[in-house]
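Structure at a glance
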Amino acid sequence: MGIEWSLVLFTVIAGAGAGLLVFAGLGEFFGASRKVRFMAAIIAIILLIVGGCASVLHLGNPANIMAAAFNLGSFSPISLELIFLGLSAIVAFVYLFVINREGGLSKIIGAIGIVVGIIFMYVSGHGYEVIETRPAWSTPVLSLSYLLTSLTLGGFLFLALQIWFKDEADAIKKTALIVLVVAVLEAIALVLYGLTAPLGNVALVFWCGAVLIGGVIAVLAAWMAYSKASLSMALLGILAVLVGGVTFRIVMWLAGSAYTPDLFELASGSRGLFPF
């Protein structure tokens, strides 16, 4: 079974944008500077748009794109991805205009960003989990791994911005602690996926690339960044989670060999691109 690179890029890039949006919202509540949160929102919008463009590639032709757009009301897995991708981008855009206003409006929008960002990261994996004919996909740990790899990547990106712009030490410490907790949860989710999913001859690639690099090294980088604010450790965390997240998605595609229809047939029939 081939790797659908457009979907790998979509979930990694747009997922990173959603994760960054979540941490920008969290930054409202633990003292991250407006400059850092503003830059995070801008980068989140860029990543969400670029990721969204990548997602369009797998639909094949304009007719399929229009079919997906006109069937958003079906709330199928693909529809949910598109809905919450759009909502995440809209919330991030609105956040740019309210971030300097008084009265708590930026906190409200930031909190909404946390919710829609988390939902998007989760549903970007759930669309595969519902396909029972692929044993390597049909596990709840899959959606959880999508969520946590994206959230950890967004967290390291936000941490790097804080360190780069010399944010308050207390705010950086709080971010680093949250990133450490999320990275540990990500590592656990990846281990559980490796133990429960039939990975076949790509198991070694998964354990080395996803678990060791994306899990263990990411946790160590988060711990070092928490112990002492270090841009190099934040960048190491970004690289580790990026490698681990991409490896996880590649292995997921390669291991999904129980049933191999055409990708668009799979998307339209199993993930609900069309209402019939």
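Description of the structure in this document. Computed from a predicted model, the values in this text were never measured in an experiment.

Definitions and limits used
- Residues numbered from 1 in each chain as written.
- Predicted model: local features only at pLDDT ≥ 70, side-chain atom pairs only at ≥ 80, totals over all residues.
- Heavy atoms only, no water.
- Helix = DSSP H or I, 4+ residues; strand = E, 2+ residues; numbered from the N terminus.
- Buried < 20%, exposed > 50% of the residue type's maximum accessible area, 1.4 Å probe, protein only.
- Areas by Shrake-Rupley, 256 points an atom, 1.4 Å probe, with all protein chains shown as cover.
- Axes fitted to C-alpha atoms, helices over the stretch in contact; angles between N-to-C directions.
- Left-handed = near helix turned anticlockwise from the far one by under 90°.
- Contact = heavy atoms within 4.5 Å.
- Nonpolar A, V, L, I, M, F, W, Y, C, P; charged D, E, K, R; others polar.
- Core = buried A, V, L, I, M, F, W, Y, C linked by side-chain atoms within 4.5 Å.
- Parallel < 35°, antiparallel > 145°, perpendicular 65-115°, else oblique.
- Salt bridge = Lys/Arg side-chain N within 4 Å of Asp/Glu carboxyl O.

Let us look at the overall build of the chain. Broken down by element type, the chain carries 10 helices and 0 strands. Listing every helix and strand of the chain by position from the N terminus yields α-α-α-α-α-α-α-α-α-α. Here the chain holds 276 residues, and the buried ones make up 54% of them. Accessible surface, the chain: about 11500 Å² in total, of which carbon and sulfur atoms supply 74%.

Packed helix pairs are characterised by how far apart their axes lie and by the angle those axes make with each other. Close contact between helix α5 (residues 105-129) and helix α6 (residues 140-164) brings their axes to 8 Å; oriented N to C, the two are set at 145 degrees. Considering how the two elements wind past one another, α5 and α6 form a crossing that is right-handed. On α6, the residues touching I118, M121, Y122, S124, G125, H126, Y128 and E129 of α5 are P140, L142, S143, L144, Y146, L147, S150 and L151. In the contact of α5 with α6, the residues fall into 10 nonpolar, 5 polar and 1 charged.

Residues F156, F158, Y193 and F206 are the most contacted members of the largest nonpolar core, which totals 83 residues. For this core, the secondary structure elements donating two or more residues are α1 (5-27), α2 (34-57), α4 (77-98), α5, α6, α7 (169-196), α8 (203-227) and α9 (231-255). It is α6 that contributes the most residues to this core, 13 residues altogether. Discounting residues that sit within four places of it in the chain, F206 has contacts with L190, Y193, G194, L199, V211, T247, F248 and V251.

With that out of the way, let us pick up the packing of α7 against α8. Taken N-terminus to C-terminus, the directions of α7 and α8 make an angle of 160 degrees; their axes are 8 Å apart at the nearest point. As summarised for this structure, α7 and α8 are arranged roughly antiparallel, according to the angle between their axes. The handedness of the crossing between α7 and α8 comes out as left-handed.

Attention now goes to the pattern of salt bridges. Applying the stated criterion across every chain yields a total of 2 salt bridges. The closest approach of N and O atoms between R37 and E28, which form a salt bridge, is 2.5 Å. The exposure classification of R37 matches that of E28, with both residues buried. D170 serves as the salt-bridge partner of K174, at 3.2 Å between the closest nitrogen and oxygen. Placement of the pair is K174 and D170 together in helix α7, with a separation of 4 residues, close to one helical turn.

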